[in-house]
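Chain by chain, the residues run as shown.
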Amino acid sequence: DPVRFISNPSSGKMGFAVATAAENRGAEVVLVAGPTRLFDPANIQTIRVVSAREMAGAVFDHFEAADIIIKTAAVSDYSPPEIADHKIKKGAEEMDIVFQKNIDILRTLGGRKRPDQFLVGFAAETRDLRENACKKLVEKNLDMIVGNLVGNPDSGFSADTNRVTLFYPNREREPLEVMEKTAVANLLLDRILERLS
């Protein structure tokens, strides 16, 4: 309803860092951002969305024109099929909420991508990072995936730093030390450009 919502603690900092780093290198960037307290980065077309459905629409609208697609967003896998126009008032002792599966934006992009496009995903996990990230890499037809274990103060949601591992289709992996998200963004772009060249 307009008062209550179900979400996750993602701050958007990693996505904004990647977008800014790419723009600083001369890229023409479109940033599709969910709810965040961050300000729109300078010289970047920023599209603000609220729901997973809106994010999918905005991403699909710009996908064909993109050379490199980096999906950092922690998009909800499920959402309620109906949103109330007004606050749901307290009533019964219990209340059931039914959820429906959201479109898998990354999987859809992986199925549509051209050979000349480079698609990167992120995997925020709480355990079995290598297994879960590699599975996502293959199932979603990605060119690279950035995996991190969330829950530590220096890594993941809301932190200014991140500890990530880069995974590639040849089963190679590159674990990185804890670093500022801006440094992660620039290293990620370096690795993408190495593979494109």
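Here the structure is a predicted model, which is why all the values come from computation and not from measurement.

## Structural notes on the overall build of the protein
For the protein, the helix and strand inventory stands at 5 helices and 11 strands. For 197 residues, the compact-globule formula gives about 16 Å, and the C-alpha radius of gyration of the protein, at 17 Å, lands near that figure. Overall, the C-alpha framework of the protein stretches about 60 × 35 × 30 Å when taken along its three principal axes. Counting every position in the protein, which comprises 197 residues, the buried fraction comes to 40%. When contacts within the protein are restricted to residue pairs at least 6 apart in sequence, those whose partners lie at least 24 apart make up 51%. Charge separation in the protein, taken as the distance between the mean sites of 26 positive and 29 negative side-chain charges, equals 3 Å.

## Focus on helix 2 (residues 52-63)
Here helix 2 contains 12 residues, and its C-alpha end-to-end distance of 16 Å stays within 8% of the 16 Å for a straight helix at 1.5 Å per residue. Tucked into the core, helix 2 has its buried residues touching strand 1 (30-33), strand 2 (45-48), strand 3 (68-71) and helix 3 (105-112).

## What to know about the nonpolar core
Core analysis: the largest hydrophobic core is formed by 26 residues, its most contacted members being Met14, Val120, Met144, Val146, Leu166, Leu188 and Ile192. At the level of secondary structure, the elements contributing two or more residues to this core comprise helix 1 (13-24), strand 1, strand 6 (118-125), strand 7 (144-149) and helix 5 (181-196). Those residues in contact with Leu188, other than ones at most four positions away along the chain, are Val18, Ile70, Val120, Phe122, Met144, Val146 and Leu166. Of all hydrophobic cores here, the second largest spans 22 residues; its members include Val49, Met55, Val59 and Cys134.

## Topic: the packing of aromatic side chains
Taken as a whole, this structure holds 0 aromatic pairs when the rule is applied. A cation sits over an aromatic face here: Arg195 above Tyr168, 3.7 Å from the ring centre.

## Looking at a nonpolar patch on the surface
Residues Ile6, Tyr78, Ile88, Met95, Ile97 and Phe99 make up a contiguous nonpolar surface patch of roughly 620 Å² in combined accessible area. With relative accessibility at 38%, the residue Phe99 sits in the partly exposed group.

## Some details on the pairing of strand 7
The buried fraction of strand 7 is high, at 5 of 6 residues. Two elements, strand 6 and strand 7, share 6 bridges in a ladder whose sense is parallel. Across the sheet, residue Ala123 finds its bridge partner in strand 7, namely Gly147. Viewed along the sheet, the connection from strand 6 through helix 4 (residues 129-139) into strand 7 turns out right-handed. Where strand 7 lies against strand 9 (residues 165-167), 3 bridges are found, and the strand directions are antiparallel.

## Things to note about the pattern of salt bridges
Per the counting criterion, the structure on display carries 15 salt bridges. Salt-bridge contacts for Lys140 lead to Asp104; the nearest nitrogen and oxygen are separated by 2.9 Å. Note that Lys140 is positioned in the loop between helix 4 and strand 7 and Asp104 in the loop between strand 5 (100-101) and helix 3, a separation of 36 residues in sequence. Judged by relative accessible area, Lys140 falls into the buried class, the value being 12%. What you see here is one network of salt bridges that share partners, running through Glu172, Glu174, Arg191, Glu194 and Arg195.

## Quick word on the sheet that holds strand 7
Ordered in space as 3-6-7-9-10, the 5 strands form an open sheet in which the pairing is mixed. In the strand order of this sheet, the two ends are held by strand 3 and strand 10 (173-175), each with one partner. Strand-to-strand twist of the sheet, defined as the mean angle between neighbouring strand axes without regard to direction, takes the value 15°. Its contacts with the sheet place helix 3 against strand 3 and strand 6, and it is angled at close to 155° to strand 6.

Calculation rules
Residues numbered from 1 in each chain as written. Predicted model: local features only at pLDDT ≥ 70, side-chain atom pairs only at ≥ 80, totals over all residues. Heavy atoms only, no water. Helix = DSSP H or I, 4+ residues; strand = E, 2+ residues; numbered from the N terminus. Rg over C-alpha atoms; globule rule 2.2 N^0.38 Å. Buried < 20%, exposed > 50% of the residue type's maximum accessible area, 1.4 Å probe, protein only. Contact = heavy atoms within 4.5 Å. Lys, Arg positive; Asp, Glu negative; His and termini not counted. Charge placed at Lys NZ, Arg CZ, Asp CG, Glu CD. Expected span 1.5 Å × (residues − 1). Core = buried A, V, L, I, M, F, W, Y, C linked by side-chain atoms within 4.5 Å. Phe/Tyr/Trp six-rings, centres within 6.5 Å; stacked < 30°, edge-to-face > 60°. Lys NZ or Arg CZ within 6 Å of the ring centre and 35° of its normal. Patch = residues over 30% accessible without salt bridge, like charges linked within 9 Å, V, L, I, M, F, W, Y side chains within 5 Å. Areas by Shrake-Rupley, 256 points an atom, 1.4 Å probe, with all protein chains shown as cover. Salt bridge = Lys/Arg side-chain N within 4 Å of Asp/Glu carboxyl O. Pairing = 2+ DSSP bridges. Right-handed = clockwise from strand over helix to strand, strands pointing away. Axes fitted to C-alpha atoms, helices over the stretch in contact; angles between N-to-C directions.

It is worth stressing that arrangement in space is one thing and function is another; only the former is reported here.
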